[in-house]
Structures are given as C-alpha cells and as structure tokens.
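Each chain, letter by letter, is given below.
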Amino acid sequence: MAAAPTQIEAELYYLIARFLQSGPCNKSAQVLVQELEEHQLIPRRLDWEGKEHRRSFEDLVAANAHIPPDYLLKICERIGPLLDKEIPQSVPGVQTLLGVGRQSLLRDAKDCKSTLWNGSAFAALHRGRPPELPVNYVKPPNVVNITSARQLTGCSRFGHIFPSSAYQHIKMHKRILGHLSSVYCVAFDRSGRRIFTGSDDCLVKIWATDDGRLLATLRGHSAEISDMAVNYENTLIAAGSCDKVVRVWCLRTCAPVAVLQGHSASITSIQFCPSTKGTTRYLTSTGADGTICFWQWHVKTMKFRDRPVKFTERSRPGVQISCSSFSSGGMFITTGSTDHVIRIYYLGSEIPEKIAELESHTDKVVAVQFCNNGDSLRFVSGSRDGTARIWQYEQQEWKSIVLDMATKMSRNNLPSGEDKITKLKVTMVAWDRYDTTVITAVNNFLLKVWNSITGQLLHSLSGHDDEVFVLEAHPFDQRILLSAGHDGNIFIWDLDRGTKIRNYFNMIEGQGHGAVFDCKFSPDGNHFACTDSHGHLLVFGFGCSKYYEKIPDQMFFHTDYRPLIRDANNYVLDEQTQQAPHLMPPPFLVDVDGNPHPTKFQRLVPGRENCKDEQLIPQLGYVANGDGEVVEQVIGQQTNDQDESILDGIIRELQREQDLRLTNQGDLPNFPINRSYSVNSALRSPNMDISSPNIGLRRSGQIEGVRQMHNNAPRSQIATERDLMAWSRRVVVNELNNGVSRLQEECRIAKGDMEISLYTVEKKKKPSYTIQRNDYQPSCGRSLRRTQRKRQHTYQTRSNIDHNSQATCQNSGVQDDLESSSEEDETVGTSDASVEDPVIEWQSESSSSDSSSDYSDWTADAGINLQPPKRQTRQATRKICSSSEEENLKSPEERQKKPKQTRKKKGGLVSMAGEPNEEWFAPQWILDTIPRRSPFVPQMGDELIYFRQGHEAYVRAVRKSKIYSVNLQKQPWNKMDLREQEFVKIVGIKYEVGPPTLCCLKLAFLDPISGKMTGESFSIKYHDMPDVIDFLVLHQFYNEAKERNWQIGDRFRSIIDDAWWFGTVESQQPFQPEYPDSSFQCYSVHSILNICLFGTKK
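Per chain, the residues get numbers from 1 upward, laid out in the order the sequence is written. Where local features are concerned, this predicted model is filtered to residues with pLDDT of at least 70; where side-chain atom pairs are given and counted, the filter is 80 or more; whole-chain, interface and lining totals use all residues. Side-chain descriptors were evaluated using all non-hydrogen atoms of the structure, hydrogens and water having been removed beforehand.

1. Examining the overall build of the protein chain
Then step 1. Secondary structure elements are taken from DSSP: a helix is a run of H or I of four residues or more, a strand is a run of E of two residues or more, and numbering for both begins at the N terminus. Within the protein chain, the secondary structure is distributed over 20 helices and 54 strands.
Then step 2. Only protein chains enter the calculation, and the probe is 1.4 Å; a residue is then buried if its accessible area is under 20% of its type maximum, exposed if over 50%, and partly exposed in between. A burial count over the protein chain gives 50% of its 1098 residues as buried.
Then step 3. Contacts in the protein chain between residues at least 24 apart in sequence constitute 57% of all its contacts with a sequence separation of at least 6.
Then step 4. To measure how exposed things are, a 1.4 Å probe is used in the Shrake-Rupley method; for residues, cover is taken only from the protein chains shown. Carbon together with sulfur atoms contributes 49% to the accessible area of the protein chain, which is approximately 55,100 Å² in total. Should any heavy atoms of two residues lie within 4.5 Å, those residues are counted as being in contact.

2. With respect to the packing of aromatic side chains
Then step 1. Aromatic rings from Phe, Tyr and Trp, with only the six-membered ring used for Trp, were paired whenever their centres fell within 6.5 Å, and each pair was classed as stacked if the ring planes differed by under 30 degrees, edge-to-face if by over 60, and tilted otherwise. In total, this model carries 32 aromatic pairs according to the counting rule given.
Then step 2. Seen in terms of ring centroids, Y282 and F294 are 6.5 Å apart; in terms of plane orientation they differ by 90°. Their pairing is edge-to-face. Remark: F294 occurs in strand β14 (residues 291-298) and Y282 occurs in strand β13 (residues 280-287); sequence separation between them is 12 residues.
Then step 3. Residue Y282 is classed as buried on the basis of its relative accessible area of 5%.
Then step 4. Residue classification places F294 among the buried residues on the basis of a relative accessible area of 1%.
Then step 5. Taken together, F332, Y346, F370, F379, W391, Y393, W398 and Y759 form an aromatic cluster joined through their ring pairs.

3. Remarks on the pairing of strand β9 (residues 236-241)
Then step 1. Of all six residues in β9, six are buried; the element is thus mostly enclosed.
Then step 2. In β9, alternate side chains face the same way, and those of L236, A238 and G240 on one face and I237, A239 and S241 on the other are all buried.
Then step 3. One ladder, built from five bridges, connects strand β8 (residues 225-230) with β9; its direction is antiparallel. The residue bridging M228 from the neighbouring strand is A239, located in β9.
Then step 4. The rule for pairing is simple: two strands pair if DSSP sees at least two bridges between them. Inspection of the sheet shows β9 paired to strand β10 (residues 246-250) by five bridges, in the antiparallel sense. Bridged to G240 within β10 is V246.
Then step 5. Turn length for the β9-β10 hairpin, with the two strands adjacent in sequence and antiparallel, is four residues, and the turn residue K244 shows positive phi of about 75°.

4. Digging into unusual backbone geometry
What is expected of a backbone is that most residues other than glycine have negative phi and most peptide bonds are trans.
Then step 1. The backbone of K244 shows a phi angle near 75°, a positive value even though the residue is not glycine.
Then step 2. Tracing the sequence through the fold places K244 in the loop between β9 and β10.
Then step 3. Looking at K244, the relative accessible area reads 39%, which means it is partly exposed.
Then step 4. For D435, which is not glycine, the phi torsion reads 65° and is therefore positive.
Then step 5. Among the secondary structure elements, D435 is positioned in the loop between β24 (426-431) and β25 (437-442).
Then step 6. D435 gets classed as buried once you look at its relative accessible area, which sits at 4%.

5. Things to note about the sheet that holds strand β4 (residues 183-188)
The pairing of strands in a sheet happens through backbone hydrogen bonds and is either parallel or antiparallel.
Then step 1. If you trace the four strands from one edge of the open sheet to the other, you get β4-β5-β6-β7, paired in antiparallel fashion. Strand pairing shows two members of the sheet lacking a second neighbour, β4 and β7 (214-218), which therefore form its edges. Across this sheet, the average inter-strand angle for adjacent strands is 20°, counted without regard to direction.
Then step 2. As paired strands, strand β6 (residues 204-208) and β7 are joined by four bridges and run antiparallel to one another. In the sheet register, V204 faces β7, and the bridge partner there is L218. Simply put, an axis is a line fit to the C-alpha atoms, just over the touching stretch for a helix, and the angle between two N-to-C directions goes from 0 to 180 degrees.

6. Some details on the packing of helix α1 (residues 7-21) against helix α2 (residues 26-38)
Then step 1. Packing of α1 against α2 brings their axes to within 8 Å, and their N-to-C directions diverge by 155°. On the basis of the axis angle, α1 is roughly antiparallel to α2. Two packed elements cross with a definite hand, and for α1 against α2 that hand is left-handed. On α2, the residues touching Y13, I16, A17, L20 and Q21 of α1 are N26, S28, A29, L32, V33 and L36.
Then step 2. Ten residue types, Ala, Val, Leu, Ile, Met, Phe, Trp, Tyr, Cys and Pro, are classed as nonpolar, four, Asp, Glu, Lys and Arg, as charged, and the remainder, Gly among them, as polar. Along the lines of polarity and charge, the residues of the contact of α1 with α2 split into eight nonpolar, three polar and no charged. Roughly parallel means an angle under 35 degrees; roughly antiparallel, over 145; roughly perpendicular, 65 to 115; everything else is oblique. A clockwise turn of the near helix away from the far one marks a right-handed crossing, whereas an anticlockwise turn of less than a right angle marks a left-handed crossing.

Worth remembering: the numbers are spatial, not functional.
The following block contains the structure:
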C-alpha cells in the first residue's frame, strides 16, 4: 500500500478523475478510479467520534456535489491572471501551463528581474533593425547608451529614445478665458504656431501657441460655431455655423474670402479636401438639412464658386448628416447620417460622385473616420446601435468587421464600468497614427482598443466618469492617444500597454469642473489645446511656462461683440465705424467685464507693440448718455497731429452717403459694402464734422460687461496713415515654407494616386458572395455604379421631381407639373442623390406628380390582368451641368414655376422648432421590413378576400375617433351590390400623405372559378388602426384556414402583437345575423379572444 497522501494530493487525484470523466478519456478515468480505490488514495471520512472510515469514489462525488467536473480547468484558467497582477509575465496575454522562466506559473519576482543591457546590446541590429526591449524591462534605457548605439549603427527606435513615460512631463501652461459661451471647436494651423477657437458666442479667435496671445477675432457669424477647418496650404480657415452659412477668411490678413450659402439648416461638419488637381481644390460642408456641398475654389486666387456640387440625402424627413471624413489622399469622403446610412463619395473623376450607400447600422451613425494612411481603403464608423464597423473596399464591395461594444475582456481584471449602462452606444471613434488599432468611446464611459485587422478587443480603458466625445491620436507617435469628456478629465493613454500616462482635471475655481468639448494636438506633438463649456482655452505642452505668465487670464478685444451690419451677400461691416472688421485699427485688450488691461498687456495686441504709453491708456472724460445724464466714460486718446486720419475720412464719407439715402428715400438705411473703397476717396471731404460724441471704453463702475461694449467706441485719431497701412499689411498667420508645402503636397498626391489605384484594382475583381451574418461581412448597402441600376423608392418626392426636370433639360416636352412640388412631397420624400450644381442623375422609376407611385395608374378598367409596371428600358443620361447652365437651358416658360398646390390637412406640417411633426412621418406599418401577417401591407397583383363587415367596422372606428373625414356615400357598399366577402385583386396602389397616411387601393373583381378579372372594380382607403382587425386577407391564407376546418374543442395558438396566445374553440356562430354565411369573426374562443379564420380581436 502506498504512503498516505496529503490532503492536497488526494483532492488533486479526485479533481483529475472528475476532469477525465467529463472529457473523451472515460476509460482512463475508470482505470484511475480503480487505482485510487486500490491504493486507498481517496480521502477518508470522519465520523462524529473522529474515527476514519474508507469510502468509495462515488461517495466522494456525492459528498462534493458542489464541485463541477471542469473545476480543475477553471482553477488553471484563474491562476495566470491572478499571478500577472503580482508578477507580470514577459509576453502579456499569453496563458499557458507549460511556460518556462518569465512565462512559468512558478515564477517569482527574482526570476523576472531583467538584466540591464549594456551599450553593445543596444548597438546590435537584428535583421537591420534595433532590438526591441522586453515589455517588463526594469526602467527606460539610458539616454547615453541609446545615443552611443545610434552613433554606431545610424539608427535607433523612437520608443527607446522617447519612452511613453516622457509624456508625464506635459503640463498645463495656461487656462485663458476668451469666450462668453461654450467653445466646441479648436484647431491648430498647419505650422502649429497658431490656435483657432470657435464658440457659441459666434466668434472665431486666433491665438499664439508659444505665448498664448490673442492675435485676432473673426466676426461675421450670427449663431453658434459648429465646426472649423484649416486648408492644407495654411492660407484659409473656414467655419460653419448654426446660421446655415460657411464663412472663409484669409489667414494672412483675416480678410473675408467667401460667404458660402448652400444649406437650409445648421452646418454639422466642414472639411478641406486633401486632394490636389492642378489649382482646383474642394471644401466640403454637411448640414442638418441632409445635404453635403462640395465647394470648388482656386488655390492661387482663393476664389470660390458661388454654387456647389450638392447632394441631398434625405431618405425621410428630419434626416441629418452628422459627420464626415476624408481619406488621407482626398479621393474619398464618407458621411454618417441619422437615417443609419453611411454614404461614400468619390472625387477621382471629373466631379464628385456618390458610389455607395451602406445600411448595416440599425441606429444613428454618429462618427466616421478614414484611416491615416493611403495604403488601404478603410474607415471606421460608430453608431448608437452599440457597434462600430471597420469598413474596407474589396472585390467591388465595402466589407465590414463588426466591433460589438458589449464585448468584454477575457481576463478577470475587468473595469468596474462595464455593466453600468444596458443600452450601449458609440460616442466617438479614432485610429492610432499607424492604423494598427481602432479606439471607440462608449457611453458607459469606457474606451475600447481593437485590433484593426482582426477586430479583437485588446484593451478596455477606464478612468472617465462621463461620456467621452474627444479622441485624438498623436500626430506621429502611435502609442499615444488623448481623450477628454464631459467629466472634465483629460487623459493621455499608452495604447501599447493599455495604461494611463497622465490625467488632468479641468477644475475651475468657484464654478466646479468644466466639461471638455474638443482637443487637438499640434502638428509637432509638443502642444495640445483643449476648450471647455465655460469659454476657456487650455494650452498644454512640454517645457517652461514663463512666456504664458506674461499674459492675463481673461483676454477679449473691446470690439469682439460690437454689432454688425450685413449686405445682400452676407458680408459684414462694423456698425459704428462702418468698416470691415479686419480693416479696423488695433483694438484694446479688456477683461470679461470690459475693463481695459494695464499698459503692459495692451502691448500684446498686434499693432500696438511700439505705441507710446499715452496711446495705450484711454483717458477719462464725461459725456452725456442717451437719457441726458452725464456719466464717466473713457475717451480715446487723441494724437497731437492736427491732420485728419484716413479712418475718420472713410467714416464721414459713409455717414454722408447714408444721410443722403435717408433724405432721398425717407426709409431706413440698407448699408452696402463697397469692398473696393480706396483711401483716396476718403480724402474728398476731410473737414466734415462728426455729429455724435465719441464714447470710450467701459470702466469698472459699469455692469454691462464686454458684450455690451458696442456703445463704447474709442476715437480712431490715434491711427495715422502709416499705422493704417502697416496694419493692413500685417501677417497674422504665416504660410508654410515653400519646401515644406511642396513636400506635403507631393505626399498627398501620392496617397491620392494610391487610393485611385486600389479602387480601380478592387473594382475590376469579381465580387465574392459570402454568407451574411458573420463577423466579416459585406455591407447590405447598395453600391452605386454607372453600369448598375440603382434601386429606387416607388413614391414621388421633391428629389425625383427635380431629377426628372433636370433630365429633360434638352427635351422640349417637359411636363409643367414636374417643375413644382407640393409641401407633402417635401415632407415625405427625400433625395437619394440630388445635386444642385453639376447634377448627377440617378434613375428614377417614379413619374407621377401627385405623390403617388407608378403603381397608381388605374388601368384596370381596360379589362386586362395588371402586372407591376415595367421598368424603363432607356438608361438615364448622366448630364452634368452647373446651376447657371441649367438656368440657361430652361425656357422662359419653364423658369416661371407654377404656384404650389397642396392639400389642406389638419395640423401643421412643421413644428415650432422647424422640424416636421411626428404625425407627418410615414407610419410604422408601412416602414416595417419584417414580414408579418398583420397588419396587411398590399402589393400589386395580390389576390385577396375582401370582408365587407370588417371594412364597415373600420369606417365606424374612423368616424368615431374623428381621424379624418369619411364620405359614406362614396363607400363601395353604397355604390354597388357587395356580398359579405369578395374575391378581388389589387390593380392599383397609391398613398395619400397624412395625417394619417392612407393607403388607396383599386380592387378588381375576380371570377371565383376561373380567377380572371370580370371587368368591374372599386376603390378603398384605409390605414392600420389599433383594435381594428384586417378586412383584407391574402387568398392563400383564406384557403389554408378553410381547409383546416376548425371544430369546437380544438386547441390553437396564434400570434397577436408579437406574442403567442393559446386557447380553445368554444362555439361557432355568425358575427352579425344579417350576414349568416360570413366567416368574419365567426368563432368564440375560451371567452378571452374572439377570433375568425383571418383576424383576432380581444
């Protein structure tokens, strides 16, 4: 007999036997159990007196019923992660029981100590590359060793020279209050020396990166700034706003370049296209009106075309394009919309064209991002359906890898926030700099890092306490990611290790924390800037902060919030000085209350660096206000020069022209903007007096603050002619160096050529028809190719009418009603690809002009057996014409549109907020894509059984609820002799837009024996109503029910409202005595449900 085993050994034998029994080695398990009993290796049982007794293996199993057969396996799976917390292994994530050394489960801290490398180890090359340090190397390598190795071999790893721990030295240089409202937009220029902020106070401000100075304020917008973009040549900045306008300024002089008005709702995103085609460039803007505009401009003259290439993408009312992203070469742009659709446009041909619509997401698409490199056509999309998708163009289709936000880490050290929120949504997506990983922000406050090739979840990063809407990758270090959220936290992450490097909390003294709305890295990676909900700009970076200590904490120009006047083209002038804002003399620097800063701060204003002290401090004076009271104000300092300044002459000239207009017209002035006004014209009447007093800056005794400073205009006599000329020639933002600009342009051209080549190659490959419902699946969307007919909706929309009219630009036989569209068309219909300027025509199969489909042609009276209308055999031409050319092609009669003719309905079409009322949306029973027996959705050619009793019940319910007006005299039973049930066929369909939206059917009688149409027909209108059963039943369902021959006592089950109902047939009797032969609701079931062969009713 063997020696008595220890308790642990006996339990291990038992667990091994149990594990063998649960697997394929049952014979081995039986032999092991026999040997355990033979050698008495089974733990003994103790009685109440402490005596030991032998027991069998079965007794031991019964006594340990709580131990499952795979208990040993679970123990082995838990050991590795628990050990990793104490002593990390050399290769993280690899779990094995057979490891050796630092991978062994028996390792201790002594085994895992790394031997420090000497200088020669760093100098060694492996296959021509420097060696890679172990993940758990004790400390970062010595800089001296790295530098020496680099001198010997000529190369080294960036991670060795600059370890991720170096980012711990980034600190906040300055928090500057520069706006009066939340700041949602921040951007760097291409050189990184300037920062731009766009705020809800309608202003765009330019700041110096190196010292935080406020350099300029760009005025003109009348609503919140929603997005900004700087062009790749570093010459222009464009800003989109909720005022539906895109404004473009010259960065060198801050002069307005263009005011682009092509949207009918707020601008949601704005992007400069990276591609270069000679001197032609594109600026794109997307809007809450469901449109995307491609604005063409000339890189030399910086002139924009007045009309854009425009696509209207409204699959239903209220659809918005929420986000957009260009590919790195600029040949593709993708957009995400609230209708769940991702659309992709191609810029490699003559004009932009839409090439695909991807409909895989089931909720709003809130973020899209193309990869950073042009070696593959890939982008990632994030949706509120709780998934993100990595898309790649292969074999003529966009295939996707699904990233499910419900996926959890396999290890046990899961973040505590995994299960906080049940309905997971993606809030933001990003790529790392080398496109090896994709990062998604989830509404449970976690960041998830995924392998971009396999879709595997690599890390789950926790730390935020609120939703994250900012993910910013480092410009060249693929390890580093910046995240910020509404909790006020700013994190710097190491993506390789999945660890937190540094955390900043935006705590504002006396106001709590400020939510961080946007963050951007500078191109050199040395700085990043953030903006918050309280109007602050936060500047972070390496190095010393002494230059930022020389600026005040609050910086505003006294002219920031002065009122503006606008001309017909939406260009602006300052209301008081009647000058373009960029030509006004240097302003004064004030705080948030409007108090002027001391002299040393006034010299921070560009143009005031060399002014004398007396020119920097406004003088006190007493003036009369509008109420006749004398108040203390600040009077602008006058110069000793007695000659009149150029600025005063310009103001007087404009005032004189205004007075003349008022005298001649007797009406309010409409100030024109003459941007060609010369300096010489200002000298024509230099001696005219200024009638209004000159009001200076606000003092601390006043309460209106900086926003109310429009009544406080300092005198402009301090600006001499020389000062004004120097000011007009100032350079706010420098252009890029010619060599740098040329190199970057060549790089973008190469990326664009690569994208065109990849697209062309994949387009020629044969498509792969793989099975859907797998992790790597082709999109269920439509690819829009020239050689393939695009699937169209079958109802008439404003877009279709526009397309039909544009397609007949050269055809004199255009119907007049195609030139106009009703209000209900605009509400129901949307555009699949309507283009305003160069028009791309997508084939439309709808030709009716009264918001009905092609199926609404009532031709059954001809006595033929109708089939669905045939598709047009003639391919639609792809006519490309600009809006101006389109106007020239139309005849004068066509240019005069007929007045809109609309049906008057109850309720307004548009709500107070400007969005369509919910009652005008298409009802769910029409939009439902899941096949259901109820409610009945008609199709052309369906053969039905029509129940008169059900139709009468529907009409009574409509009249009782007063849903819409019903004329009883026009009902079919009052116009012809109808039986209780009729055999009919659908020969016509059209829809009347609500509320409610009605389905109008034309039903032709069928002979019950031959199945042919008899030549008679009638029309009905209906919609799905609660508690009103269907009175139209497909003929095949009717026959199945008749063949079943239900008897009393039969048990059944049925689906009602997507739930199973069970019952027993109790009796059969006519529902109404006057229809004794009708099968409508003729069965009584268990006194719970009244059912018929074809409908159910509680």
